[in-house]
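# A closer look at the structure
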Amino acid sequence: MRNGRSKLAVLAAIPLLAAACSNGDEDSGSAATTDTELSASLTGAGASFPDPLFQDWIYSYGNDVQQGVDINYQSVGSGAGIEQFLEQTVDFGSSEEFLGEEELAAAADARGCEAVQFPVVFGSVVIAFNNPDLDGLVLDAQTIADIYSTEITSFDDPAIAELNPDLDLPDDEIVPVHRSDSSGTTAVFTHYLTTEVESWADEYGEGKELDWAPGLVGGQQNDGVAQGISQNPGGIGYVNQSFAQEAGLSVAQVVNADGTPIEPTLESTIAASEEADVPDNFQFAIDDIGGDGYPIAGTNWIFTYTCGYEQGAADAIIDFWTWALTDEAAQDVAGELGYAPLGDELTDRVIAELEKTNSENGDAEGAEDDAEGDDADAEEGADEE
Amino acid sequence: MSTQAPEASAPEEPRRGSLSSGKGRLADPIFRWVVAACGTIVLIILALMVIRTTSEAWPVFVKEGFFGFLTGEEWTTGSSRTEITGTYGAWPFIYGTLVTSAIAIVIALPLAIMVAFYITHLAPRRLAKPLSYTVELLAAVPSVIFGLWGLHWFLPNVLRPFFEVLESVLGWFFLFEGPIRGVGYLAAGIVLAIMILPIMTAIIREVIAVHPIDQRMAAYALGSTRWEVLRKVVLPASFSGIVAAAMLGLGRALGETIAVLMLIGGSQSWGTSLFGTGSSMASHIAATFGEAGPEARTALMAIGVALFLVTMIVNILARVIVWRLGRMTGDAAV
């Protein structure tokens, strides 16, 4: 029976081979699953920070690569993403924080097998302002921390002047703006200040939400922060690079660990991600960035389980993320939207990790097979449903 | 018909009715039970919500103490999955809810009475109908629209200049101390006032409209001005209806989430200046729920319980005030 199915699967795959070849998928030796038609309906939930990119990816994938795969990603927030993943109401979760040991244990406990986590994109958090006189403003961790703890209250403060000898600084009152909703952007921003500035770590610490100094302005979502910046003459705030790019906000250069002021660009974010030391368990933060790297950067992780998926769904998960991480067009879209792709070496490691998805399933025969075998199982899984 | 009746938890009466006589007898008890069931559904839903949120929030109340939770000023979220490690004091949020609602009701109530009086008594017929439709239409505008409009247009173009004048004149008074940040308690309260205006106007208009015309005519005949008629004849007679309208408006203001969230400036501290930024209970829940882990969610549930309590207390206080006022003026108000 298995043989019969395999033959059928191969037959079914033949017309699709042509389409797969024209996809320009040269480097997909690791998982050439695009040459067969997958059929699955996936749900994912989590971080809102990569949502524009994920939606674009899902749309292109469903239209151009696998019409039979229907993916629904809901940007409910990182916290809710982790919860829904642990409650197993979604096929994959997404967060701007990796799963800690406690969460991994909870996951293993709930599902009866290990969870897999891997990074998919990087993004920078930029310091944006509205005053055109300040174009090219340079800040370092200490001054940013002092601004947000209201120790520096005007732009012509000596600490800022020292970093910007060529700039004619106005004596406007600085109005720091923060996110009022809890958000991964705040987590990345405050993590940076906590690692770099001791007094900040003692007084405020890091987190998705914070007990900010009194007198600061809070904005709901990126848009609220942008309004806070634009409606206050001395407004200054932190937002995702992708949002700042879209909204056309002026952004500050930030001094990195090597003492170089770096402008937040796609290149400098990629440089930062390459500086990061990524351990085998993918639990890392992008700290102490030097070289050409922009120092305030965060990562988005995806979580899946090593068991319990229908084979069709598991194949679709692996195929989708492999496509997103390796397809040239998909990676270009990421860049256009202000997200930095993983480096080559990291991509290979991530794909190896990704393929652990569903590998410990009770019916493990197909998972370790080559691509051809996977296809057959995909057909089988689809038939059995 | 008679076979369905027992399902409505009325096994005895309907059957007896069907034995003794025809359909007419049966219809009454059935209707009574159906209506009673509908009435109790409200109570059951309310009870389920209170029990559920309270039991989920219990660990936070245990750690902070009930009054400690209500009066504490520090809110630091922990990230444990099993226990309560943070510090949870909800006072800044309670304060934000009370202040914004108070601003809203203080502005909206007189305005609603005036609008209603104008529509029913003064406006020319041609204008009265469209005007009352427009007010009702305003009630159908989703709150997120009020929030967006408030944040993007109303705040920078109208409120901020107004705040600046207010601060330059009354800046010595603690409620109007600078600095002005745009968003804050006052901005949220004023937009809330606009939001609760339609529902209050609609109710007050109906109440005033049924006021007997001969009383007003008698007052005019005695030489009263329009203001005197409104104040001394119409308002006292419509007092209970106006209070009901105010309570509905207040209820909406206390619980309003998204518009407040966009305009209050979302800080976890509080201050006495109305220009200051803060958070309301509902807005803080909405702002942090998405990213909340298990511990933070427990703490947000506790805010939910507190919000329920505050709403109840405010309502009871309002009833008591009305009752006392009613007794003083000799009007059977509520």
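Calculation rules
- Residues numbered from 1 in each chain as written.
- Chains lettered and ligands numbered in written order.
- Predicted model: local features only at pLDDT ≥ 70, side-chain atom pairs only at ≥ 80, totals over all residues.
- Helix = DSSP H or I, 4+ residues; strand = E, 2+ residues; numbered from the N terminus.
- Buried ≥ 20, exposed ≤ 12 C-beta atoms within 10 Å, placed from the backbone.
- Contact = placed C-beta atoms within 7 Å.
- Nonpolar A, V, L, I, M, F, W, Y, C, P; charged D, E, K, R; others polar.
- Domains from an automatic or database assignment.
- Core = buried A, V, L, I, M, F, W, Y, C linked by C-beta atoms within 7 Å.
- Axes fitted to C-alpha atoms, helices over the stretch in contact; angles between N-to-C directions.
- Parallel < 35°, antiparallel > 145°, perpendicular 65-115°, else oblique.
- Left-handed = near helix turned anticlockwise from the far one by under 90°.
- Pairing = 2+ DSSP bridges.
- Expected span 1.5 Å × (residues − 1).
- pLDDT = per-residue confidence, 0-100.
- Bend = angle between axes of the 7 residues up to and from the residue.

### Some remarks on the overall build of chain A
Broken down by element type, chain A carries 15 helices and 12 strands. Residues classed as buried in chain A amount to 53% of the 385 residues present. If you take every contact in chain A between residues at least 6 apart in sequence, the share linking residues at least 24 apart comes to 72%.

### Regarding the overall build of chain B
Within chain B, the secondary structure is distributed over 13 helices and two strands. Dimensions of chain B, computed from the C-alpha atoms along their principal axes, are close to 75 × 70 × 40 Å. Relative to its full complement of 334 residues, chain B shows a buried share of 37%.

### Examining the interface of chain A and chain B
Listed per partner, the contact involves 27 residues of chain A and 27 residues of chain B. Contributing elements (two or more residues each) for the side of chain A that touches chain B: helix 3 (78-86), helix 4 (101-111), strand 7 (217-219) and helix 9 (221-231) of chain A. By residue number, the principal contributor to the side of chain A that touches chain B is helix 9 of chain A, which donates four residues. Classifying every residue of the side of chain A that touches chain B gives eight nonpolar, 14 polar and five charged.

### Observations concerning the domain arrangement of chain A
All names here are of chain A. Examined at the domain level, chain A breaks down into domain 1 (3-121 + 297-364) and domain 2 (124-273). Every contact between the two is made by 15 residues of domain 1 and, on the other side, 15 residues of domain 2. When the residues that make up the side of domain 1 that touches domain 2 are grouped by side-chain class, the tally is eight nonpolar, five polar and two charged.

### What about the nonpolar core?
Ranked by size, the top nonpolar core spans 183 residues in total, and within it Met-200, Leu-263 and Ala-302 of chain B carry the most contacts. The element best represented in this core is helix 7 (residues 185-209) of chain B, accounting for 18 residues. Structurally, this core is a two-domain feature, drawing no fewer than three residues from each of domain 1 (3-121 + 297-364) and domain 2 (124-273) of chain A. Setting aside anything within four residues of it in sequence, one finds Met-200 of chain B in contact with Ala-108, Leu-109, Ala-112, Ala-245, Ala-246, Leu-248 and Gly-249 of chain B.

### Some remarks on the packing of helix 5 (residues 125-139) of chain B against helix 7 of chain B
Residue and element names in this part refer to chain B. For the pair helix 5 and helix 7, interaxial distance at closest approach is 8 Å and the crossing angle is 140°. One way to sum up the angle between helix 5 and helix 7 is to call them oblique. The interaxial crossing formed by helix 5 with helix 7 has left-handed handedness. Contacts from Ser-132, Val-135, Glu-136, Leu-138 and Ala-139 of helix 5 reach helix 7 at Pro-198, Ile-199, Thr-201, Ala-202 and Arg-205.

### Overview of the sheet that holds strand 5 (residues 138-139) of chain A
Residue and element names in this part refer to chain A. Taken in spatial order, the three strands line up as 5-10-11 in an open sheet, and their pairing is mixed. Looking at which strands have only one partner, the edges of the open sheet turn out to be strand 5 and strand 11 (261-262). One ladder, built from two bridges, connects strand 10 (residues 253-255) with strand 11; its direction is antiparallel. Across the sheet, Val-255 pairs through a bridge with Pro-261, a residue of strand 11.

### Observations concerning the pairing of strand 4 (residues 115-129) of chain A
Residue and element names in this part refer to chain A. Where burial is concerned, most of strand 4 is hidden: 15 out of the 15 residues are buried. Bridging between strand 4 and strand 12 (residues 297-305) involves nine bridges; their strand directions are antiparallel. Each bridged residue has a counterpart across the sheet, and for Val-116 the counterpart in strand 12 is Thr-304. Pairing of strand 4 with strand 8 (residues 235-240), which is carried by five bridges, proceeds in the antiparallel orientation. Bridge pairing links Val-125 to Asn-240 in strand 8. For strand 4 and strand 9 (residues 250-251), the ladder comprises two bridges, and the chain directions are antiparallel. Opposite Phe-129, over in strand 9, you have Ser-250 as the bridge partner.

### A look at unusual backbone geometry
Residue and element names in this part refer to chain A. In the Ramachandran plot, Asp-288 falls in the positive-phi region, its phi being about 50° despite a non-glycine side chain. Residue placement: Asp-288 occurs in the loop between helix 11 (266-275) and strand 12. Phi is positive for Asn-358, close to 65°, though the residue is something other than glycine. Residue placement: Asn-358 occurs in the loop between helix 14 (344-354) and helix 15 (371-384).

### Things to note about helix 12 (residues 311-326) of chain A
The end-to-end C-alpha distance of helix 12 of chain A, which contains 16 residues, comes to 22 Å, matching closely the 22 Å that a straight helix rising 1.5 Å per residue would cover. Among the 16 residues that make up helix 12 of chain A, 16 are buried, leaving the element largely enclosed by the rest of the structure.

### Side note on the environment of Thr-89 of chain A
Residues and elements named next belong to chain A. Counting through the fold element by element, Thr-89 comes out in the loop between helix 3 and strand 3 (92-95). Classification of Thr-89 as exposed rests on a count of 11 C-beta atoms within 10 Å. Expressed as a C-alpha distance, the spacing of Thr-89 and Ala-45, which sit 44 residues apart in the sequence, is 9.2 Å.

### Observations concerning the confidence of the model for chain B
All names here are of chain B. Summary statistics for chain B give a mean pLDDT of 86 and a share of 90% for residues scoring 70 or more. Considering only residues more than four positions removed or in separate chains, one finds that residues 1-11, a stretch of pLDDT under 50, has 15 contacts. Scored by ipTM, the complex comes to 0.77, with pTM at 0.78.

### A short note on the environment of Gln-215 of chain B
Relative to the helices and strands, Gln-215 of chain B resides in helix 8 (residues 213-221). On a C-alpha basis, the gap between Gln-215 of chain B and Ala-246 of chain B in space is 25 Å, while along the polypeptide they are 31 residues apart.

### Describing helix 7 of chain B
All names here are of chain B. Given a rise of 1.5 Å per residue, 25 residues ought to cover 36 Å, and the 35 Å separating the end C-alpha atoms of helix 7 matches this to within 8%. The largest bend in helix 7 is about 35°, located at Leu-197, with the proline Pro-198 one to four residues further on. With 22 of its 25 residues buried, helix 7 lies for the most part within the structure.

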